[in-house]
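What follows is the residue order along each chain.
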Amino acid sequence: MALALSRKGFRSLVLEQADDLTEIGAGIQMPPNAFKAFEALGVLVDVQRVAAYPERLVLGDMMTGK
């Protein structure tokens, strides 16, 4: 968001307390349209380099356990 805002002339400040941005076990799932936005921002290749692509997806029903 900060990158997109800066390209429109808005100043922004991104704050992060971690020394390094690394995988910590939680993920953010991005829909296909997000990759169009990454391309428009000029960061698609960088995102693809660090993205994880699951080999399969298993869904479960928490109510029935199936």
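Residues numbered from 1 in each chain as written. Predicted model: local features only at pLDDT ≥ 70, side-chain atom pairs only at ≥ 80, totals over all residues. Heavy atoms only, no water.

Looking at the overall build of the chain
- Regarding its fold elements, the chain presents three helices and zero strands.
- Reading the helices (α) and strands (β) of the chain from amino to carboxyl end gives α-α-α.
- Principal axes of the C-alpha set define a box for the chain whose edges measure 50 × 30 × 25 Å.
- Looking at the chain as a whole, 5% of its 66 residues are labelled buried.
- Here the chain has roughly 6900 Å² of accessible surface; of this, 58% comes from carbon and sulfur atoms. (Helix = DSSP H or I, 4+ residues; strand = E, 2+ residues; numbered from the N terminus. Buried < 20%, exposed > 50% of the residue type's maximum accessible area, 1.4 Å probe, protein only. Areas by Shrake-Rupley, 256 points an atom, 1.4 Å probe, with all protein chains shown as cover.)

A closer look at a nonpolar patch on the surface
- The grouping of Met1, Leu5 and Phe10 at the surface amounts to a nonpolar patch, some 360 Å² of accessible area in total.
- Structurally, Leu5 can be placed in helix 1 (residues 2-7). (Patch = residues over 30% accessible without salt bridge, like charges linked within 9 Å, V, L, I, M, F, W, Y side chains within 5 Å. Salt bridge = Lys/Arg side-chain N within 4 Å of Asp/Glu carboxyl O.)

Section: the pattern of salt bridges
- Scanning the entire structure with this criterion turns up one salt bridge.
- Two residues, Asp46 and Arg49, come together in a salt bridge whose shortest N-O distance is 2.7 Å. Residue Asp46 and its partner Arg49 are located together in helix 3 (residues 44-50), separated by three residues, close to a single helical turn.
- Assessed through its relative accessible area of 59%, Arg49 is described here as exposed.

A closer look at the packing of aromatic side chains
- As enumerated under the stated definition, the model contains one aromatic pair in all.
- Ring centres of Phe35 and Phe38 lie 5.6 Å apart, and the angle between their planes is 85 degrees; this geometry places the pair in the edge-to-face category. Separated by three residues within a single helix, Phe35 and Phe38 lie in helix 2 (residues 32-41), roughly one turn from each other.
- Looking at Phe35, the relative accessible area reads 22%, which means it is partly exposed.
- Taking the relative accessible area as the measure of exposure, Phe38 reaches 16% and is therefore buried. (Phe/Tyr/Trp six-rings, centres within 6.5 Å; stacked < 30°, edge-to-face > 60°.)

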